[in-house]
Amino acid sequence: MACYAVIDTNVLVSALISKNRASPTVKVIEAVLDGRIIPLYHADIIAEYDAVLRRKKFHLQPDTISTFLSVFTQFGLEVFPTPTGEILVDQDDLVFYEVAMERQQDNAYLVTGNMKHYPVRKFIVTPAQMMEILDGKPAE
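Residues numbered from 1 in each chain as written. Predicted model: local features only at pLDDT ≥ 70, side-chain atom pairs only at ≥ 80, totals over all residues. Heavy atoms only, no water.

Caption draft 1: Molecular detail of the overall build of the protein chain. Broken down by element type, the protein chain carries 6 helices and 5 strands. In terms of overall dimensions, the protein chain is globule-like: its C-alpha atoms have a radius of gyration of 14 Å, near the 14 Å expected for 140 residues. Its C-alpha atoms put the protein chain at 35 × 30 × 30 Å along the principal axes. Contacts in the protein chain between residues at least 24 apart in sequence constitute 61% of all its contacts with a sequence separation of at least 6. Distance from the positive charge centre (13 side chains) to the negative charge centre (18 side chains) of the protein chain: 8 Å. (Helix = DSSP H or I, 4+ residues; strand = E, 2+ residues; numbered from the N terminus. Rg over C-alpha atoms; globule rule 2.2 N^0.38 Å. Contact = heavy atoms within 4.5 Å. Lys, Arg positive; Asp, Glu negative; His and termini not counted. Charge placed at Lys NZ, Arg CZ, Asp CG, Glu CD.)

Have a look at this one:
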(Lines give C-alpha, C1' and ligand atoms only; values in the text may rest on other atoms or scores of the structure.)
Protein backbone atom coordinates (compact mmCIF):
# COMPACT_ATOMS: atom_id res chain seq x y z
CA MET A 1 0.00 0.00 0.00
CA ALA A 2 1.44 3.36 -1.05
CA CYS A 3 1.18 6.47 1.06
CA TYR A 4 1.60 10.14 0.31
CA ALA A 5 4.46 12.10 1.83
CA VAL A 6 6.25 15.39 1.52
CA ILE A 7 9.98 14.73 1.76
CA ASP A 8 11.86 17.53 3.50
CA THR A 9 15.01 18.65 1.71
CA ASN A 10 17.24 17.50 4.58
CA VAL A 11 15.99 13.92 4.13
CA LEU A 12 16.73 13.94 0.42
CA VAL A 13 20.20 15.43 0.88
CA SER A 14 21.06 13.02 3.69
CA ALA A 15 19.99 10.05 1.59
CA LEU A 16 21.95 11.13 -1.46
CA ILE A 17 25.19 11.76 0.41
CA SER A 18 24.91 8.83 2.83
CA LYS A 19 27.35 5.95 2.59
CA ASN A 20 25.05 3.88 4.85
CA ARG A 21 22.57 2.12 2.58
CA ALA A 22 20.59 0.99 5.67
CA SER A 23 20.00 4.52 7.00
CA PRO A 24 16.35 5.56 7.36
CA THR A 25 16.81 8.48 4.96
CA VAL A 26 18.10 6.12 2.26
CA LYS A 27 15.21 3.74 2.96
CA VAL A 28 12.69 6.59 2.57
CA ILE A 29 14.10 7.54 -0.84
CA GLU A 30 14.14 3.86 -1.86
CA ALA A 31 10.44 3.75 -0.88
CA VAL A 32 9.83 6.71 -3.21
CA LEU A 33 11.71 4.94 -6.00
CA ASP A 34 9.82 1.67 -5.55
CA GLY A 35 6.41 3.37 -5.33
CA ARG A 36 5.61 2.78 -1.66
CA ILE A 37 5.76 6.54 -1.08
CA ILE A 38 4.09 8.88 -3.55
CA PRO A 39 5.90 12.18 -3.13
CA LEU A 40 3.85 15.32 -2.76
CA TYR A 41 5.44 18.46 -4.10
CA HIS A 42 4.95 22.07 -5.08
CA ALA A 43 7.06 24.08 -7.52
CA ASP A 44 8.71 25.85 -4.56
CA ILE A 45 9.75 22.49 -3.08
CA ILE A 46 11.28 21.32 -6.37
CA ALA A 47 13.12 24.65 -6.67
CA GLU A 48 14.51 24.24 -3.15
CA TYR A 49 15.59 20.65 -3.86
CA ASP A 50 17.35 21.81 -7.02
CA ALA A 51 19.12 24.75 -5.36
CA VAL A 52 20.26 22.79 -2.31
CA LEU A 53 21.34 19.65 -4.17
CA ARG A 54 23.50 21.77 -6.49
CA ARG A 55 25.55 23.16 -3.60
CA LYS A 56 29.18 22.27 -4.28
CA LYS A 57 29.70 20.91 -0.76
CA PHE A 58 27.47 17.91 -1.56
CA HIS A 59 29.46 16.87 -4.65
CA LEU A 60 26.36 15.55 -6.44
CA GLN A 61 26.45 15.01 -10.18
CA PRO A 62 24.02 17.10 -12.26
CA ASP A 63 22.60 13.89 -13.79
CA THR A 64 21.84 12.51 -10.32
CA ILE A 65 20.05 15.72 -9.36
CA SER A 66 18.04 15.77 -12.59
CA THR A 67 17.05 12.13 -12.14
CA PHE A 68 15.72 12.70 -8.64
CA LEU A 69 13.84 15.84 -9.60
CA SER A 70 12.30 13.94 -12.51
CA VAL A 71 11.24 11.08 -10.25
CA PHE A 72 9.51 13.49 -7.88
CA THR A 73 7.68 15.36 -10.62
CA GLN A 74 6.88 12.34 -12.81
CA PHE A 75 5.70 9.96 -10.10
CA GLY A 76 4.64 12.46 -7.47
CA LEU A 77 1.56 14.58 -7.05
CA GLU A 78 1.74 18.34 -7.39
CA VAL A 79 -0.19 20.12 -4.66
CA PHE A 80 -1.36 23.72 -4.53
CA PRO A 81 -1.87 24.28 -0.81
CA THR A 82 -4.22 26.63 0.95
CA PRO A 83 -2.27 29.02 3.20
CA THR A 84 -2.49 27.94 6.83
CA GLY A 85 -1.28 31.12 8.47
CA GLU A 86 1.06 28.96 10.55
CA ILE A 87 4.24 30.63 11.77
CA LEU A 88 7.20 28.25 11.73
CA VAL A 89 10.71 28.53 13.15
CA ASP A 90 11.97 28.67 9.55
CA GLN A 91 9.33 30.12 7.24
CA ASP A 92 11.11 28.52 4.27
CA ASP A 93 9.68 25.24 5.60
CA LEU A 94 6.10 26.50 5.38
CA VAL A 95 5.45 25.15 1.87
CA PHE A 96 6.41 21.62 3.02
CA TYR A 97 4.01 21.87 5.96
CA GLU A 98 1.18 23.35 3.90
CA VAL A 99 1.48 20.74 1.16
CA ALA A 100 1.19 17.96 3.77
CA MET A 101 -1.72 19.78 5.44
CA GLU A 102 -3.53 20.12 2.11
CA ARG A 103 -3.53 16.34 1.63
CA GLN A 104 -4.56 15.27 5.12
CA GLN A 105 -7.70 13.68 3.65
CA ASP A 106 -5.21 11.21 2.09
CA ASN A 107 -3.35 10.71 5.39
CA ALA A 108 -0.27 12.42 3.95
CA TYR A 109 2.93 12.67 5.96
CA LEU A 110 5.74 15.18 6.19
CA VAL A 111 9.06 13.34 6.57
CA THR A 112 11.78 15.46 8.13
CA GLY A 113 15.00 15.26 10.06
CA ASN A 114 14.25 18.66 11.57
CA MET A 115 11.31 17.99 13.87
CA LYS A 116 12.09 21.21 15.78
CA HIS A 117 11.22 23.24 12.68
CA TYR A 118 7.59 22.13 12.73
CA PRO A 119 4.68 22.03 15.18
CA VAL A 120 4.02 18.70 16.87
CA ARG A 121 1.55 16.87 14.64
CA LYS A 122 0.96 13.15 14.15
CA PHE A 123 1.58 13.45 10.40
CA ILE A 124 5.05 14.98 10.85
CA VAL A 125 7.48 12.08 11.21
CA THR A 126 11.16 11.25 11.13
CA PRO A 127 12.53 8.99 8.38
CA ALA A 128 12.73 6.10 10.89
CA GLN A 129 9.08 6.63 11.87
CA MET A 130 8.08 6.73 8.20
CA MET A 131 9.72 3.38 7.63
CA GLU A 132 7.91 1.93 10.66
CA ILE A 133 4.63 3.18 9.21
CA LEU A 134 5.43 1.61 5.84
CA ASP A 135 6.37 -1.64 7.56
CA GLY A 136 3.03 -1.65 9.39
CA LYS A 137 4.41 -0.80 12.81
CA PRO A 138 2.71 1.94 14.82
CA ALA A 139 4.47 5.29 14.80
CA GLU A 140 5.62 6.41 18.23
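Still more to cover.
Caption draft 2: Spatial organisation of the packing of aromatic side chains. By the definition in use, this model includes 3 aromatic pairs. For the ring pair Tyr49 and Phe96, a centre distance of 6.4 Å and an interplane angle of 50° mean the geometry is tilted. You can see Tyr49 sitting in helix 3 (residues 43-53) and its partner Phe96 sitting in helix 5 (residues 94-102), a full 47 residues away along the chain. For Tyr49, a relative accessible area of 0% translates into the label buried. Ring-pair connections join several aromatic residues into one group, and the members of that group are Tyr49, Phe72 and Phe96. (Phe/Tyr/Trp six-rings, centres within 6.5 Å; stacked < 30°, edge-to-face > 60°. Buried < 20%, exposed > 50% of the residue type's maximum accessible area, 1.4 Å probe, protein only.)

Caption draft 3: Main features of the pairing of strand 1 (residues 3-7). Extensive coverage of strand 1 is indicated by the burial of 4 of its 5 residues. Pairing between strand 1 and strand 2 (residues 37-41): 3 bridges, direction parallel. Note on strand 2: the bridge partner recorded for Ala5 is Pro39. Bridge analysis of strand 1 against strand 4 (residues 109-111) gives 3 bridges, and the strand direction is parallel. Note on strand 4: the bridge partner recorded for Ala5 is Tyr109. (Pairing = 2+ DSSP bridges.)

Caption draft 4: Representation of the sheet that holds strand 4. A sheet is described by the order of its strands in space; here 5 strands give the open sequence 3-2-1-4-5, paired in parallel fashion. Edge strands, defined here as strands with exactly one partner in the open sheet, are strand 3 (77-78) and strand 5 (124-125).

Caption draft 5: Structural context of the pattern of salt bridges. Applying the stated criterion across every chain yields a total of 6 salt bridges. Residue Arg54 is joined to Asp50 by a salt bridge in which the shortest nitrogen-to-oxygen separation is 2.6 Å. Look at Arg54 and you get partly exposed, because its relative accessible area is 41%. Its salt-bridge partner being Arg121, residue Glu86 comes within 3.6 Å of it at the nearest N-O pair. Of this pair, Glu86 sits in the loop between strand 3 and helix 5 while Arg121 is found in the loop between strand 4 and strand 5, placing the two residues 35 residues apart along the sequence. You can call Glu86 partly exposed: its relative accessible area is 23%. (Salt bridge = Lys/Arg side-chain N within 4 Å of Asp/Glu carboxyl O.)

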